[in-house]
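Working through the structure, step by step
Each chain, written out:
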Amino acid sequence: MSEMLSLKGLLEKVQAYKNDADLDMLRKSYHFSSEAHCSQKRNEGSPYIKHPLAVAYILADMKMDTASISAGLLHDTVEDTGTTTDDLKGIFGKDIAFIVKSLTKLSKVEFQTKKEAQAENFRKMLLAMSEDVRVILIKFADRLHNMRTLEFLPAAKQQRIASETLEIYAPLANRLGIGWLRLELEDLSFKYLMPELYDELAKKVAKRKEDQEGYIKEVIGIINAKLKEEGVPGRVTGRVKHFYGIYQKMQKQKIIFDEVHDVIGLRILTDTKANCYGILGLIHSLWTPIPGRFKDYIGVPKSNMYQSLHTTVIGPKGERVEFQIRTEEMHRIAEEGIASHWKYKEKGDLDEKNSKYISWLRDLVQVQKDVPDAMDFLEAVKGEVVPEVVYVFTPKGEIKEMPVGSTPVDFAYGVHTQVGHRCVGAKVNGKIVPLRYNLKNGDTIEIVTSQTHGPSRDWLKFVVTTRAKTRIRQWIKQEEKAQSVELGIKLLETELRRHNMSNALMKSEDILKVAKSLGLGTLEELFVSVGFGKISPHQVLNRLVPEKAVGDHEPVRTMKPLREHKGVSIKGIDDVLYHTAKCCYPIPGDNLVGFVTVGKGVTIHRRECPNIEKQVVEEARLIDVDWQPSGDFLANARVVVETVDKPGILANLSALISSVNININHLEATSTPDQRGLITFLIGVKDLAQLKMIIQKIRQMEGILRVTR
């Protein structure tokens, strides 16, 4: 940020858009924060107050209300100083205190892993956002300033923060319609995650812009003349696609920079919706439109309320030119999104129009009440903010937006939980289709239900929405709980008989103590865990009776782990057989999950492994796993590299991997008919950080199209 930050500058900025702003409140907030942080410094050595002040400036640029800007000034006081929420409530009122509390990390809670802590803090913030959306807008301003000053942090921290920003905050900004923020967060993340690639793209874009400047001026001149001739108001500007957007396009379409045609495009702003379509007609009358490249987001707005017409034409000299056509109001909404609600306002409640921005979140919060795991909630939010969508219709003609890949079952659960549960069939455009049919733009869907029907476990193999997955799992859990209790009791009674012990122990206070020592509140939970294989009968007996001979029989023993040096710990289980999955090659640092197989112990997968989704439909068969490597242990990781098929690339790749002291344990290379090379390596790595480092280096090599695990 080039401008000098000061309280005076902030007050002037706020007063410029809101004459009657409560400046005394802002002064009080600034001085309180300055005093609270007086002994702290930022990483670059400046006084800490510079950060909350920068956050307040960003919020003022977004024309937020004074309560938000005050909370921005105070947002770190509870976390980093001796201030309490009650202190803030007494001085600044309950609204500001609520916002600051919602932004304060749960530092007093003990978490097993850093990821778990991050997920729980994120969930706390989003739950608060469903009550007051200003919470996330202040977090956005905080995150943006941290990203703008990321250069002062160690490289590992830069990578972690940039990765989290790209995965969560940028998509969330997009879902809330704040276009400028999403683009800046994406480009800043890209800059730190792939610095060499970012610099290379920046140079190429600058050159393309320079080369095409004259051409763009020529096209703008033609458009302006046509608008004037037809008497249609319109403001034409050139725009450069942001770097991360270009990178995504290159990855998705497997093309090099020279093949990206819409690096520079034109935007036309006009006064009415009718004139948007009129200008579209004028453009199509001047140049030939490219089939399949026309999108009407005015007739069917995106879920973040974005509206615009997009078209690509073959312009002068045969060059492709992309146009966006929208009204000034549509442009404001595309840039500001939900933040535009606070312009000149002074209250937190959203009106009906703006509440659409977070209706998905309120729905998600409702669904997740029965699924309290923070990591699951985080994954559900990612699923809601990232996907591309299709637009479909109910039989009454109402438009519904569904993620790409959705099926009639997803649609049914989107209508109502009971419609989903009772779904037995579906008609699309009047014809019966399979329940795993993928919905397409423009489909009209009618769900056929039966009161005697319930969800099928197989549905989990093809549904894509969080709502459908959660509701189906809940149903399955309820249905199977009774069976699990029965099975758990039988397994424990069998184990007791095997050691000539009385079944009366099953109803004793002692077994309830065992349940509590295993982190379970009731006997029923214990029986369910044994029935599902999460806890073995051995374990229960070991805790029920001290490990000594019972009568003339062998002592009760727990199962011992294989290859103990791997350092895997499994929550709630003392010792258990385990092995790592060859489908996803998990390594230390991955988000891991164990799949319990009766008689075989636990297979450890990466949590995002598709086989977990395919094979494991009962959540009760999944258990949490931590991996603590020790000594010189190395894990096999699979890296799949897609390249331009040219001589020497395999040798260069092998040399690069060896140069950082990583062993290649196995290698397979094939060519595809479209002149691409596909190379699969199995390499020995210590942990996820080392794997990410080598993947990043490979991505930056010339001729590399894609690197995946």
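Residues numbered from 1 in each chain as written. Predicted model: local features only at pLDDT ≥ 70, side-chain atom pairs only at ≥ 80, totals over all residues. Heavy atoms only, no water.

Let us look at the packing of helix 11 (residues 179-193) against helix 13 (residues 243-253). When two helices pack together, you describe them by how their axes are tilted relative to each other and by the distance separating the axes. Between helix 11 and helix 13, the shortest axis-to-axis distance is 8 Å and the interhelical angle comes to 70°. In terms of axis orientation, helix 11 runs roughly perpendicular to helix 13. Where helix 11 approaches helix 13, its residues E186, D187 and F190 are matched on the opposing element by F243, Y244 and Y247. A breakdown of the residues in the contact of helix 11 with helix 13 according to their chemical character gives 4 nonpolar, no polar and 2 charged. (Axes fitted to C-alpha atoms, helices over the stretch in contact; angles between N-to-C directions. Helix = DSSP H or I, 4+ residues; strand = E, 2+ residues; numbered from the N terminus. Parallel < 35°, antiparallel > 145°, perpendicular 65-115°, else oblique. Contact = heavy atoms within 4.5 Å. Nonpolar A, V, L, I, M, F, W, Y, C, P; charged D, E, K, R; others polar.)

Now for the sheet that holds strand 19 (residues 676-685). The 4 strands are arranged 18-19-17-20 in an open sheet whose pairing can be described as antiparallel. The sheet terminates laterally at strand 18 (664-671) and strand 20 (704-708), the two strands that pair on one side only. Taken pair by pair, the neighbouring strands of this sheet meet at an average axis angle of 15°, ignoring direction. Bridge analysis of strand 17 (residues 635-644) against strand 19 gives 10 bridges, and the strand direction is antiparallel. Of the residues in strand 19, the one forming a bridge with V644 is R676. Each of strand 17, strand 18, strand 19 and strand 20 touches helix 25 (residues 649-659); the most contacted strand, strand 19, lies at about 20° to it. (Pairing = 2+ DSSP bridges.)

Moving on, we get to helix 9 (residues 134-148). Helix length check: helix 9, at 15 residues, gives a terminal C-alpha distance of 21 Å against a target of 21 Å (1.5 Å per residue), a fit within 8%. In terms of residue burial, helix 9 counts as a mostly covered element, since 13 of its 15 residues are buried. (Expected span 1.5 Å × (residues − 1). Buried < 20%, exposed > 50% of the residue type's maximum accessible area, 1.4 Å probe, protein only.)

Taken as a whole, the second largest pocket encloses approximately 460 Å³ of empty space. Considering the residues around the second largest pocket, the lining is formed by 22 residues, among which E200, M250, I256, G703 and I704 are closest to the centre. When residues of the lining of the second largest pocket are traced back to their parent elements, those giving at least two are helix 12 (195-230), helix 13 and strand 20. Of the residues that constitute the lining of the second largest pocket, the class distribution is 12 nonpolar, 3 polar and 7 charged. (1 Å grid on protein atoms, 1.4 Å probe; cavity = no way out; pocket = protein on both sides within 12 Å on 5 of 7 lines; lining within 4 Å. Points joined across faces, edges and corners; volume = space filled by probe spheres on them.)

Our next topic: the pairing of strand 17. One face of the sheet, then the other: side chains in a regular strand alternate in exactly this way. Of all 10 residues in strand 17, 7 are buried; the element is thus mostly enclosed. As judged from the 4 bridges shared by strand 17 and strand 20, these two strands associate in the antiparallel manner. Bridging from a neighbouring strand, E642 pairs with R706 of strand 20.

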